[in-house]
Amino acid sequence: GGAPGRGRRGAKSSPDQASSLQRDANVEMISTMLEALEKEHEHLYQSLLRPITTFVCEMLPEDMRETSCAELHYEDLEKLPSDDVTRVAEWLTEKVDALGSRLKAEQRDDEEEDEGAAMGDVDLFALTPDAGALTVNAKWLGHLEERLLGEDGHPRKARGDEDPHRMGLVLEWVYGSIVSTAEKSRDGAKRCLGMTPPSAQQAYDNLVRCLEDQASWEGRAKEAKELMNAMLTSRKEADELAKQHDMRPTPPAAAAAAGGDAEAGGAAPAAAGGEGSAAQLPDAVILKMLAREALLTSAKLYALSFDHQMAQKTLASVKLQIRHGEPDLERLKRELEELKHAPRGLEGTFRTAAEMERHRHQLADAAIEEQLEVQTAFREQGAKLQSLYDKKQRTEFELAKRDTEIKQL
């Protein structure tokens, strides 16, 4: 994620320092949003990552960056001008807001609507009944008629007789004082980050990949449901066969007692039930039991394969966080060394020795406070990275163990 120490050295108020602080804050925000998107869905993450990596590759020469089209190195963002980093942060925030408006849950009729509830994704215009002209969508028009601007400047639902003529926010929308969230999202979708605008072919290819991925997950879900149904049926059949052929397992205590009697009195005849009667089972029953074992093995393999795939995604995410965190740790380490060896001058003219001594103490206190702050950030980042290293090691061990089990099965 973002470095805990970003923007900590805020004592200086020069324009360069302010610009650097703003850039660091934006880099941290970009890092946080991308990490959350990566955990949300792979295709969603890639669809927003690629424009950013392309933009960085366009803005920085190849010998000055480690970022590629498929991978973003956050330290490269710190090489960009502050305005360009702000542009990336605003673009990404706009995309996340647009996604949030599209994923807003539908309101149920029996639920009381929140005063500031958004309309969600809706077409603002619709064809007239004769399909000869465009008119305002009745749903959107009704939404506008039922609302007024509150004291905080945000739309709210009209109460009682506040708006007897149901003018609402219709004129505000017509004259552009307010905009639809969906309309803003669609406008934002047309805005490109880099010099190369997205093409229809790229959108089509992304859609095809997402649909293929969705079909794959649905296939997995169908396979899991079929395995569960087959195991339930198999268990019922096994219970019936056990009753028909008296294949109830022999308790351990009874088996031990039977073994002792056999040693005392010579070879005893096999018990009527239990494992001793397995030799007299019909072939059809043995085949059914073997088929059940094969089914259970298939289900175990399915579960192991799924866990293996999830662990691989977790490992990739952990490696990504480590790769992002290590440069921040090195930066904090350098900053801490600079603070330890930074000269503390006494520039300026002082009227008395006491005033100079007081200024000296103020500089010393400020230096100690700044050093402690960076040192705390360095320790926090180190602890976070150590936790990630441990998680990476555990995940790799689990992957190797699971891979061995899959091969054995």
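Being a predicted model, the structure only gives us computed values, none of them experimental.

(A) Structural view of the overall build of the protein chain. Tallying secondary structure elements over the protein chain gives eleven helices and four strands in all. Taken across its 409 residues, the protein chain has 28% of its residues classed as buried. Approximately 26900 Å² of the protein chain is accessible, and the part contributed by carbon and sulfur atoms is 54%.

(B) A look at the packing of helix α10 (residues 283-341) against helix α11 (residues 353-408). In the contact formed by α10 and α11, the axes pass within 7 Å of each other and the chain directions differ by 155°. Here α11 runs roughly antiparallel to α10, going by the angle between their axes. Classified by chirality, the crossing of α11 by α10 is left-handed. Tallied by class, residues from the contact of α10 with α11 come to 18 nonpolar, eleven polar and 15 charged.

(C) Local environment of the pattern of salt bridges. What the rule picks out here adds up to seven salt bridges. For Lys79, the salt bridge identified is with Asp76, shortest N-O distance 3.2 Å. Residue classification places Asp76 among the buried positions, given a relative accessible area of 0%.

(D) Representation of the confidence of the model for the protein chain. Mean pLDDT over the protein chain works out to 78, with 80% of the residues at or above the 70 mark. In the model of the protein chain, helix α9 (residues 252-265) stands out as the element of lowest mean pLDDT, 56, in contrast to helix α8 (residues 200-245), which has the highest, 89.

(E) Fine view of a positive patch on the surface. On the surface, Lys39, Lys384, Lys391 and Arg394 cluster together into a positively charged patch. Take Lys391: its relative accessible area is 35%, and that puts it in the partly exposed class.

(F) Structural view of helix α2 (residues 42-59). Spanning 18 residues, α2 covers 26 Å between terminal C-alpha atoms, matching the ideal 26 Å at 1.5 Å per step. The largest bend along α2 measures about 25° and falls at Leu49, with the proline Pro51 one to four residues further on. Tyr45, Leu48, Leu49, Ile52, Thr53, Phe55, Val56 and Cys57 are the residues of α2 that are buried.

(G) Structural detail: the environment of Val122. Inspection of the secondary structure assignment puts Val122 in the loop between α4 (82-102) and β1 (125-127). The exposure class assigned to Val122 is buried, which follows from its relative accessible area of 9%. A C-alpha to C-alpha distance of 9.2 Å links Val122 and Thr181, two positions 59 residues apart in sequence.

(H) Local environment of the side chain of Thr395. Structurally, the position occupied by Thr395 is in helix α11. Beyond its immediate chain neighbours, meaning those up to four positions away, Thr395 contacts Ala311, Thr314 and Leu315.

(I) Representation of the packing of aromatic side chains. Tallying each qualifying case throughout the model produces three aromatic pairs. Each ring, one from Phe125 and one from Trp173, has its centre 5.9 Å from the other, and the planes form 40°; the classification is tilted. Placement of Phe125 in strand β1 and of Trp173 in helix α6 (residues 170-174) is noted, with a sequence separation of 48 residues between them. Under the relative-accessibility criterion, Trp173 is labelled buried at 13%. Between Trp217 and Phe306, the ring centres sit 6.2 Å apart and the planes meet at 80°, which makes this aromatic pair edge-to-face. Here Trp217, found in helix α8, pairs with Phe306, found in helix α10; they are 89 residues apart in sequence, far enough to count as distant. Assessed through its relative accessible area of 30%, Trp217 is described here as partly exposed. Ring pairing ties together the aromatic residues Phe125, Trp140 and Trp173, which thus form one cluster.

(J) How the structure looks around the environment of Asp163. Note that Asp163 resides in the loop between β4 (155-157) and α6. Asp163 sits 15 residues away from Leu148 along the chain, and the two C-alpha atoms are 8.3 Å apart.

Conventions we followed
Residues numbered from 1 in each chain as written. Predicted model: local features only at pLDDT ≥ 70, side-chain atom pairs only at ≥ 80, totals over all residues. Heavy atoms only, no water. Helix = DSSP H or I, 4+ residues; strand = E, 2+ residues; numbered from the N terminus. Buried < 20%, exposed > 50% of the residue type's maximum accessible area, 1.4 Å probe, protein only. Areas by Shrake-Rupley, 256 points an atom, 1.4 Å probe, with all protein chains shown as cover. Axes fitted to C-alpha atoms, helices over the stretch in contact; angles between N-to-C directions. Parallel < 35°, antiparallel > 145°, perpendicular 65-115°, else oblique. Left-handed = near helix turned anticlockwise from the far one by under 90°. Nonpolar A, V, L, I, M, F, W, Y, C, P; charged D, E, K, R; others polar. Salt bridge = Lys/Arg side-chain N within 4 Å of Asp/Glu carboxyl O. pLDDT = per-residue confidence, 0-100. Patch = residues over 30% accessible without salt bridge, like charges linked within 9 Å, V, L, I, M, F, W, Y side chains within 5 Å. Lys, Arg positive; Asp, Glu negative; His and termini not counted. Charge placed at Lys NZ, Arg CZ, Asp CG, Glu CD. Expected span 1.5 Å × (residues − 1). Bend = angle between axes of the 7 residues up to and from the residue. Contact = heavy atoms within 4.5 Å. Phe/Tyr/Trp six-rings, centres within 6.5 Å; stacked < 30°, edge-to-face > 60°.

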